[in-house]
Amino acid sequence: MFQDTYFESPTGTKGCFLSPEDCLYQMPDKDLIISTACPEDIPGIHALETVIEGPGAASRTALEERLQMFRDGSLVVKCDDRVVGYLQSTIWKNTVFARFAEICDFAKWHRNDGDELYLIFLGVHPKFRSNGLAGHLLACLTKLGKFYGLRRITLVAKNHLIPFYERNGFQTVKELPDFLPGEAFSPFLMQKRLA
Ligand SMILES: CC(C)(COP(=O)(O)OP(=O)(O)OC[C@H]1O[C@@H](n2cnc3c(N)ncnc32)[C@H](O)[C@@H]1OP(=O)(O)O)[C@@H](O)C(=O)NCCC(=O)NCCS
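Attention here is on the structure that accompanies the text. Given the structure is predicted, the values throughout are model-derived calculations rather than measurements.

Comments concerning the site of the ligand
Line of reasoning, step 1. Near the ligand you find 16 residues, and of these Arg129, Ser130, Leu133, Ala134 and Gly135 are the closest.
Line of reasoning, step 2. Breaking the shell around the ligand down by element, the ones donating at least two residues are β5 (116–124), α5 (133–147) and β6 (152–158).
Line of reasoning, step 3. Taken together, the residues that form the shell around the ligand break down as eight nonpolar, six polar and two charged.

Thoughts on α5
Line of reasoning, step 1. With 15 residues, α5 extends 21 Å from end C-alpha to end C-alpha; this agrees with the ideal 21 Å at 1.5 Å per step.
Line of reasoning, step 2. Among all positions of α5, only Leu133, Ala134, Leu137, Leu138, Cys140, Leu141, Leu144 and Gly145 are buried. Along α5, the residues classed as buried sweep out an arc of 160° about the axis, all on the same side.
Line of reasoning, step 3. Looking at the buried side of α5, the elements it contacts are β1 (24–26), β2 (31–36), β3 (74–79), β4 (82–92), β5 and β6.
Line of reasoning, step 4. Gly149 sits one or two positions beyond α5 and adopts a positive phi of about 70°.

A word on the sheet that holds β2
Line of reasoning, step 1. Spatial ordering of the open sheet is given by β1-β2-β3-β4-β5-β6-β8-β7, a layout of eight strands whose pairing is mixed. Each edge of the open sheet is held by one strand with a lone partner, namely β1 and β7 (171–175). Averaged over neighbouring strand pairs, the angle between their axes works out to 25° when direction is ignored.
Line of reasoning, step 2. Strand direction decides the pairing type here: β2 and β3, joined by four bridges, are antiparallel. By the bridge assignment, Ser35 is partnered in β3 with Val76.
Line of reasoning, step 3. Running at roughly 160° to β5, α5 makes contact with β1, β2, β3, β4, β5, β6 and β8 (187–193) of the sheet.

Brief notes about the nonpolar core
Line of reasoning, step 1. In terms of nonpolar packing, the biggest core is built from 43 residues, with Ile45, Leu75, Val77, Tyr86, Leu119, Leu137 and Leu141 touching the most fellow members.
Line of reasoning, step 2. Mapped by element, the contributors of at least two residues to this core are α1 (42–53), α2 (60–69), β3, β4, β5, α5, β6 and β8.
Line of reasoning, step 3. Looking at this core element by element, the count peaks at seven residues for α5.
Line of reasoning, step 4. If we skip the residues at most four places from it in the chain, Val77 touches Tyr25, Leu32, Ile34, Val84, Gly85, Tyr86, Leu133 and Leu137.

Examining α1
Line of reasoning, step 1. With 12 residues, α1 should cover 16 Å at 1.5 Å per step; its first-to-last C-alpha distance of 16 Å lies within 8% of that length.
Line of reasoning, step 2. Looking only at α1, the buried set comprises Ile42, Ile45, His46, Leu48 and Glu49. The buried residues of α1 occupy one face: seen down the axis, they fall within an arc of 165°.
Line of reasoning, step 3. Elements in contact with the buried residues of α1: α2, β3, β4 and β5.
Line of reasoning, step 4. Count one or two residues on from α1 and you reach Gly54, which has phi positive near 60°.

A look at the environment of Asp22
Line of reasoning, step 1. Mapped onto the elements of the fold, Asp22 is located in the segment before β1.
Line of reasoning, step 2. Put simply, Asp22 and Asp81 are 59 residues apart on the chain and 17 Å apart in space, counted from C-alpha to C-alpha.
Line of reasoning, step 3. Each residue touching Asp22, except ones within four places of it in the same chain, is listed here: Ile34, Cys140 and Lys143.

Reading the values: the criteria
Residues numbered from 1 in each chain as written. Predicted model: local features only at pLDDT ≥ 70, side-chain atom pairs only at ≥ 80, totals over all residues. Near = placed C-beta within 6 Å. Helix = DSSP H or I, 4+ residues; strand = E, 2+ residues; numbered from the N terminus. Nonpolar A, V, L, I, M, F, W, Y, C, P; charged D, E, K, R; others polar. Expected span 1.5 Å × (residues − 1). Buried ≥ 20, exposed ≤ 12 C-beta atoms within 10 Å, placed from the backbone. Arc of directions from axis to C-beta. Contact = placed C-beta atoms within 7 Å. Pairing = 2+ DSSP bridges. Axes fitted to C-alpha atoms, helices over the stretch in contact; angles between N-to-C directions. Core = buried A, V, L, I, M, F, W, Y, C linked by C-beta atoms within 7 Å.

Take a look at the structure:
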């Protein structure tokens, strides 16, 4: 059962960091709706996560826990009520890590009084890619971080996505060779200053 005890935003209004313009993304043939996620979105988020990550997909329980710890930190993109993109993030403080295994229990590290927004995952359905949607979600994430008064956004990028994140305002900090042992890509820590 989903317990509705998530962290409220500074003003107590969920998702109010998004303007009406942020919430509508127009593609040539369809309009997409962006919003903060709600518990009813979890099956759709999980279905998309499975399309993208296959057997390595986060479980429904993990996705639900991330939503519960920080409701504003989960954004979904919907097309005709179907989830076609999403991101999840957390706020933490002084969290130094080298491996995913050290941080994967995100609820343990989440701090309402933290100063850094960490992007846990960003994904767009293959049929909706190359339309700027992920870039738009990162712009929404930047608004979220500023709204909460955080000083930076941190993420771990696959090496081939470094140019994509650089175009969206992130800088490479260092390689994290042990982040996900056995993966084909090299992970790099990247950050975007907000203040
Ligand atoms: C990465 C991802 C979120 C981008 O979504 P998107 O909506 O297509 O992103 P945008 O339209 O804003 O930007 C697209 C650009 O990102 C870059 N890009 C995306 N995937 C890439 C890849 N696999 N390799 C290299 N560059 C890539 C390209 O420059 C691309 O431009 P192009 O379409 O002209 O080639 C999407 O490809 C995805 O869900 N990938 C799988 C999950 C993933 O890797 N998430 C990131 C975790 S670090």
